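Chains, contacts and geometry: an overview
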Amino acid sequence: MGKLDDPLITEGDTTFLRMNARLRPNQLQPGEVALSQNGRMNKDGTWQVRKGLSTLAGAITAGADSLRLPFPIASAQRASNVVTLTLSETPSLGFVPTENLTVVNLGYSAADPNGTFALTAVDFTNKTLTYPDTGADESFTIVDSDANRPSVTSPGDSIRTTLNFTLADDEVNEVYGSAIFSDPSADNDDFIFTATNSLCLILRLRDSAEFKVRYEAGGESVDRPVDVVQSFDKMFIFRTDETTLEATPSITRKDVTAAARASDVITVTSASHGRVANDYVTLTGLGGWTTNPNAVYQVASATTNSFTVVQAGADETFNVSGAYAEYFADFTRVSYGAYTAPTYKTDANAVAANGVVTMDVTSHGLSVGDPITIRAGAAPYDALIGTEFRIQTVPTANQFTFNGGVVDTDPGTSCTVSKALSAGEGFIHMPAAPWGVPYQRRMWVPYWYTSVGSPVDRGVRDEIVASDIMDANTYDVIGNQFRITGGQSDYLVGVTPFTVDTMAVFMRRSVHIMTGVSGSLADVATNEVTREVGCSARKTITQVANQILFLSDEGVYAVEFLDQYNLRGSGVPLSEPIKPYIDRINQQYVDRATATYFDNRYWIALPLDSSAGQGDAVENNTILVYNFLNQGWESIDTVDSTSFAVRDLLVGREGAKNALYLTTPEGGVHQVDGFDGGDVVSVTAGQALPETIPVVSALTSRQYDVDSFDRKRFSRSELQVKSETNSTSNAAIKFIIEDPDAITDAVTISDRLGAELPADEEASIRQRVRRRGFGCQIDFRPSSGRPFLRGMKVDARISDRKTISIS
């Protein structure tokens, strides 16, 4: 090379930290990439294809023959050849624009509005549906009778029901919510509760054992998105404008002493098993079989010490060593209707021994853990008037104890106690609500509906009410009720705790904090943090260290603790580097977005359209991953199937190790990064057995322009690649040239090496580029294995350099 020749310039990256799709590729900093799809950026700076999803439970929904629930129509009218239906309740997720819906029993005077039509739009907030229908403008007649009530069923070719119907076990057609239940009585048992339309499915993570429970023994159903919450030793299913369901989820386990199958009927012997016909029971640990009997069943018949279930298979007797019959209690509605005020309970001879007080009161109605307050009494109780205690034991229906820490009394002396008394007009039961948040031993719920048997909409959307301490079904609507924005044009989306005494309250257009929420709520203060942004999806609210992350209209924002009592809103969205993806969120379904924090990452599942404004995403089809160690967005995760969607992201224990799980609308339960290969998933209704779908991954580098505006000649490149320990790997490599624009033909690792890169081996993949342009990006797309990309570079010389000025 002569002295006047341009020197060879090298530019590249030896570490990969974050993705930035917002700036031009040549504006990115070292360590940043233009695209990371289905990839992980490891602590050592390498980039690697993510692990696949593994299936713990396949899709449990039925196929084309599943039932579709009818939704009563409250009012309907036609205007300008468009019919607008206002429903009595929030429509389910089954209503998807462009698909067909069926309308029946609307009364009319001109053109008939009943029949099957293509749905134009659905408004979940205002409970309206619209569809085109030619005819004169008119308001349609609503007949309020069970036989002829106007109703609409969601799109599809499945079977439509009437308004009076009973759902059977095999008629599950959608999953509406899920949550983790941690069994406090077991060190390693976490369960996933999945609420479907007809029953709740439960999966034990350590062994994938399945359980089923009913709603009110089959008398209730779920037909819209729900919030499933564990608190107060119970599981709650919040159903918006219907009474909340609750269950005490401790598992009952009974030894099996004999079990055999004959003529497709399994007879199980188990002393005092507690099951009756139509209850569900799970058999585990049965051995010596040719057809596996370990599964969940609906009991066909039962006696005190035995029961039968139905399973096709050869006649055989099973080994019962270590076998159990296990089950959970059904969900029931929480108490509703008129609230019975607490009564005073007096025992003239209350006895104290070793500080524990024993009282005898006929039919006292108290339970272990209930709070009581001493209202009156002789010594030593007179010194404790106004002091609250907890019921310690309930030996009989007429006797209870509490630890009062008082001197012994023998004989006893008079003591009067009661449960908490209302500070205002009285207590109510838990109002119907779309969600609930347990905090400081209280349940906090939106006060949108009443607590009567058929809840009534109060017409208020900015109020929240807190339960009594350790009593999720007692609410003081004067002392514990709070209106956040005072009737402004804003509504409540969600709340989350962040310090010992403070909650953050997220409205649709603002963020507030409530302080003083521990102990008595008499001094709670509400203050506005910001009205620049609000929250658009409640399930995306996640606390990470000193930040609370949430999804807003402008992307993922964070509010940050300045100190123990103050929050500050961030001026720039955390998601600004991936703005092109945020612009693809389908705002009509954004409320379905969900997020969680796990493994130093913020995972947020979103409905992303194929392009901005397209409106073709109706479920969460994409997961965006933010890596807190790298302080940037790590990956855009998808499954290579248009049928796959995410309902919830959950963190639970499998043995002694935490893992991230996702549930799907079809009922699948999958572990994220759980399989060292493709995505093992169930993607369609009724697909109980999963299929393996390759993980389609890619990394596109920043644009290398060697810090010059001049045109360059890119001569060669080098990539440092290593295979995993147990698998070979391959990948396609292309170069994207700008000005003039060009994309080179792909060259694979096997092309360069003569074979795939062997397991646990590394290689420098050198390749000629031989293209002129302003800048060059390297596109790396693995096709087999999960190779580590350690670094990449390109070499270039300045070309076509001008020696005179051009005017």
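See above for the structure.
Given the structure is predicted, the values throughout are model-derived calculations rather than measurements.

Conventions and cut-offs
- Residues numbered from 1 in each chain as written.
- Predicted model: local features only at pLDDT ≥ 70, side-chain atom pairs only at ≥ 80, totals over all residues.
- Heavy atoms only, no water.
- Salt bridge = Lys/Arg side-chain N within 4 Å of Asp/Glu carboxyl O.
- Helix = DSSP H or I, 4+ residues; strand = E, 2+ residues; numbered from the N terminus.
- Buried < 20%, exposed > 50% of the residue type's maximum accessible area, 1.4 Å probe, protein only.
- Pairing = 2+ DSSP bridges.
- Core = buried A, V, L, I, M, F, W, Y, C linked by side-chain atoms within 4.5 Å.
- Contact = heavy atoms within 4.5 Å.
- Axes fitted to C-alpha atoms, helices over the stretch in contact; angles between N-to-C directions.

Turning our attention to the pattern of salt bridges. Evaluated as defined, the whole model comprises 48 salt bridges. Linking glutamate 11 and arginine 702 is a salt bridge whose minimum nitrogen-to-oxygen distance equals 3.1 Å. Remark: arginine 702 occurs in the loop between strand S63 (698-701) and strand S64 (712-722) and glutamate 11 occurs in strand S1 (residues 9-13); sequence separation between them is 691 residues. A relative accessible area of 5% means that arginine 702 is categorised as buried. Across the salt bridge formed by glutamate 528 and arginine 531, the nearest N and O atoms sit 3.0 Å from each other. Overall, the relative accessible area of 38% leaves glutamate 528 in the partly exposed class. Judged by its relative accessible area of 55%, arginine 531 falls in the exposed class. Connected through shared salt-bridge partners, Glu216, Glu220, Asp223, Arg224, Arg239, Asp241, Glu242 and Arg333 make up one network.

By the bridge criterion, five bridges tie strand S34 (residues 345-353) to strand S39 (residues 409-418) in an arrangement that is antiparallel. When the sheet's bridge partners are listed, alanine 352 is paired in S39 with threonine 409. With four bridges connecting them, strand S36 (residues 371-377) and S39 associate as antiparallel partners. Bridge pairing in S39 places alanine 376 opposite threonine 416.

With that out of the way, let us pick up the sheet that holds strand S22 (residues 234-239). Spatial ordering of the open sheet is given by S21-S22-S23-S33, a layout of four strands whose pairing is antiparallel. The open sheet terminates on both sides in strands that have one partner only, identified here as strand S21 (227-231) and strand S33 (332-333). Summarising the sheet, strand S23 (residues 242-247) and S33 pair through two bridges and their orientation is antiparallel. What sits directly across from leucine 245, in S33, is arginine 333.

Take the nonpolar core next. Generally speaking, a soluble globular protein has its nonpolar side chains buried in company with each other. Among the nonpolar cores identified, the biggest contains 53 residues, and Leu551, Tyr602, Ile604, Leu719, Phe780 and Leu789 are the most heavily contacted of them. Look past the residues within four positions of phenylalanine 780 in its chain and what remains in contact with it is Trp47, Ala698, Leu699, Leu719, Val721, Ala731, Ala732, Ile733, Ile749, Pro787 and Leu789. Listed in part, the 21 residues of the second largest apolar core include Tyr176, Phe181, Phe211 and Leu245.

With that out of the way, let us pick up the sheet that holds strand S27 (residues 280-284). The strand order across the open sheet formed by four strands is S24-S32-S27-S28, and the pairing between neighbours is antiparallel. Two strands in the sheet have a free side with no partner beyond their single neighbour: strand S24 (252-255) and strand S28 (296-298). The sheet shows a mean angle of 30° between the axes of neighbouring strands, direction not considered. Here S27 pairs with S28 via three bridges, running antiparallel. Residue pairing in the sheet places threonine 282 in a bridge with valine 296 of S28.

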